[in-house]
Amino acid sequence: MTLVLCVILLALVFEYVNGFHDTANAIATVVSTRVLSPRQAVALAAACNLFGSLWGTAVAATIGSGLVDTAVVTTHTVLASLLAAVFWNLLTWRLGLPSSSSHALIGGLCGASVASASGNFSVIHWTAAPTLGHGPEGLWYKVVLPMLVSPLLGLAIGFAVMGVLLVLLGRWRPYRVHSLFGNLQLVSASLMGFSHGTNDAQKTMGIIALTLFTATRSGLFDDLPAWLDFLHCQEFTVQTWVKIVCSLTMAAGTAAGGWRIIKTLGHSMVKLQPVHGFAAETSAAVVIQIASHWGIPLSTTHVISSSIMGVGATRRLNAVKWSVVERMVWAWAFTLPATAFLGALLAWCMALL
């Protein structure tokens, strides 16, 4: 029982770290364009994340039951995956790299599950055919393919939206453009914060639901007093209290801010004006909302970063500081394998104790 509570606590730590690690996803552009001060932007992102995280559970279901065989998952498995994800998030945050919290958690879960199954890779749900009312399932369709496609979509849509705006606003005076899109960017930043909540917050909800389901299945909660009945999870569901606690935790983490990554996204990669920020945030939010609808645990970091690149490239290709982009891409590429290795290593170590 103590171990289960420790895992839930660590999951909330991950949610908190995810909040301040990925705060930049929603507010980097609105800060860099000086539409809002950092304090105002963080408050806006925290509020929007809170509302977004209460919207649906499709992503939570994918994390908790759609990627690995739950029969091999134990409390130690979940603990190892969370430790791997938290370590990677803190490392990349310290380096100022906008890596993916989503892929860190997924990599840790897959690696720990394989280790818990004594090296049997078949416990990972690699692919599954579409069923009535559902699209293709499995790690390939829900994680790997979106990881490759979503940045390209963000890049292309950001470039296209900004290109259309340049044509439409070609004869406008600069002060009118800045004034209009300074206001519109408040809307796009809010939408981006809401989208971040609908996708990222649900990942921890799925992990906690998986922990409770595993503990209930093993009989760990059989002797609990009646007032603790809310911990039982007979079928895989995301209980209301889990949604509320995760939502509040992410909002608190968001309020803590993530200035290192804000600097990378909003200043180091490309110089932005309000119209650029609006185009990037709107493009990214559309992609993320589509993914959330289909239960795809997308990397909001990948999408907003590539949208900013696409928007910046409309000015000229060398407007984007590609050396910064290169560092980010390496962080993206290493996240899944690095956290899978860490998750497996931690799970093996726990098995020896």
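Residues numbered from 1 in each chain as written. Predicted model: local features only at pLDDT ≥ 70, side-chain atom pairs only at ≥ 80, totals over all residues. Heavy atoms only, no water.

## Topic: the overall build of the chain
Point 1. Helix and strand counts for the chain come out as 13 helices and zero strands.
Point 2. Counting only residues that meet the buried cut, the chain has 57% of its 353 residues in that class. (Helix = DSSP H or I, 4+ residues; strand = E, 2+ residues; numbered from the N terminus. Buried < 20%, exposed > 50% of the residue type's maximum accessible area, 1.4 Å probe, protein only.)

## What about the packing of helix α5 (residues 75-94) against helix α8 (residues 174-217)?
Point 1. In contact at an axis separation of 9 Å, α5 and α8 are set at 160 degrees when each is read in the N-to-C sense. If you check the angle between α5 and α8, you find them roughly antiparallel. Of the two possible hands of crossing, α5 and α8 adopt the one that is left-handed. In this structure, α5 contributes Thr75, Val78 and Leu82 to the contact, and α8 contributes Ile207, Leu210, Thr211 and Thr214.
Point 2. Of the residues that constitute the contact of α5 with α8, the class distribution is four nonpolar, three polar and no charged. (Axes fitted to C-alpha atoms, helices over the stretch in contact; angles between N-to-C directions. Parallel < 35°, antiparallel > 145°, perpendicular 65-115°, else oblique. Left-handed = near helix turned anticlockwise from the far one by under 90°. Contact = heavy atoms within 4.5 Å. Nonpolar A, V, L, I, M, F, W, Y, C, P; charged D, E, K, R; others polar.)

## Quick look at the pattern of salt bridges
Point 1. Within this structure, the stated rule accounts for one salt bridge.
Point 2. The closest approach of N and O atoms between Asp200 and Lys203, which form a salt bridge, is 2.8 Å. Here the residue Asp200 and the residue Lys203 both occupy positions in helix α8, the gap between them amounting to three residues, near one helical turn.
Point 3. With a relative accessible area of 1%, Lys203 lands in the buried category. (Salt bridge = Lys/Arg side-chain N within 4 Å of Asp/Glu carboxyl O.)

## Focus: unusual backbone geometry
Point 1. A positive phi is found at Ser118, a non-glycine position, where the angle reads about 60 degrees.
Point 2. Here Ser118 is to be found in the loop between α6 (101-116) and α7 (139-168).

## Here's the deal with helix α12 (residues 300-313)
Point 1. With 14 residues, α12 should reach 20 Å at 1.5 Å per residue; the first-to-last C-alpha distance of 20 Å fits that figure.
Point 2. Sitting at the head of α12, Ser299 places a side-chain oxygen 3.1 Å from the backbone nitrogen of His302. (Expected span 1.5 Å × (residues − 1). Polar contact = N/O pair within 3.5 Å; in protein donor to acceptor, adjacent residues only side chain to side chain.)

## Some points on the confidence of the model for the chain
Point 1. Taken as a whole, the chain shows an average pLDDT of 83; of its residues, 88% reach a score of 70 or greater.
Point 2. Per-element confidence in the chain ranges from a low mean pLDDT of 54 for helix α10 (residues 259-268) to a high of 91 for α6. (pLDDT = per-residue confidence, 0-100.)

## Looking at the environment of Trp140
Point 1. Here Trp140 shows up in helix α7.
Point 2. Separated by 14 residues in sequence, Trp140 and Trp126 place their C-alpha atoms 5.6 Å apart.
Point 3. Setting aside chain neighbours within four positions, we find Trp140 in contact with Trp126, Thr127, Leu145 and Pro146.

## Points about the packing of helix α11 (residues 274-293) against α12
Point 1. Where α11 contacts α12, the axes come no closer than 8 Å and their chain directions differ by 140 degrees. It follows that α11 is oblique to α12 by the angle criterion. Like other packed secondary-structure pairs, α11 and α12 cross with a definite hand, here right-handed. Between α11, through His276, Ala279, Ala280, Glu281, Ser283, Ala284, Val287 and Ile288, and α12, the contact on the second element is made entirely by Thr300, Val303, Ile304, Ser307, Ile308 and Val311.
Point 2. Here the contact of α11 with α12 is built from residues that sort into nine nonpolar, four polar and one charged.

## Concerning the packing of aromatic side chains
Point 1. Scanning the model with the defined rule gives two aromatic pairs in all.
Point 2. Considering the side-chain rings of Trp55 and Phe194, the 5.8 Å spacing of their centres and the 65 degrees angle between planes classify their relative orientation as edge-to-face. Of the two residues, Trp55 sits in the loop between α3 (38-53) and α4 (58-66) while Phe194 sits in helix α8, which places them 139 residues apart along the sequence.
Point 3. Between the NZ or CZ atom of Arg176 and the centre of the ring of Trp172, over which it lies, the distance is 4.4 Å. (Phe/Tyr/Trp six-rings, centres within 6.5 Å; stacked < 30°, edge-to-face > 60°. Lys NZ or Arg CZ within 6 Å of the ring centre and 35° of its normal.)

## Quick word on a nonpolar patch on the surface
Point 1. Taken together, the side chains of Trp140, Tyr141, Leu145, Leu148, Val149 and Leu153 present a nonpolar region at the surface, about 490 Å² in accessible area.
Point 2. Following the sequence through the fold, Leu145 ends up in helix α7. (Patch = residues over 30% accessible without salt bridge, like charges linked within 9 Å, V, L, I, M, F, W, Y side chains within 5 Å. Areas by Shrake-Rupley, 256 points an atom, 1.4 Å probe, with all protein chains shown as cover.)

## Notes on α6
Point 1. The end-to-end C-alpha distance of α6 is 22 Å, a good match for the 22 Å that 16 residues give at a rise of 1.5 Å each.
Point 2. Across the 16 residues of α6, 15 count as buried, placing the element largely inside the fold.
Point 3. One or two steps after α6, the chain reaches Ser118, where phi turns positive at roughly 60 degrees.

## Quick word on the nonpolar core
Point 1. Counting 57 residues, the largest nonpolar core has Leu82, Ile106, Leu139, Ile207, Ile208 and Leu212 as its most contacted members.
Point 2. At the level of elements, α1 (2-21), α4, α5, α6, α7, α8, α9 (240-256) and α13 (322-352) are the ones that each hand at least two residues to this core.
Point 3. Residue contributions to this core peak at nine residues, all from α8.
Point 4. Apart from residues no more than four positions distant in its own chain, Ile106 is found in contact with Ile63, Leu67, Leu139, Val143, Pro297 and Leu336. (Core = buried A, V, L, I, M, F, W, Y, C linked by side-chain atoms within 4.5 Å.)

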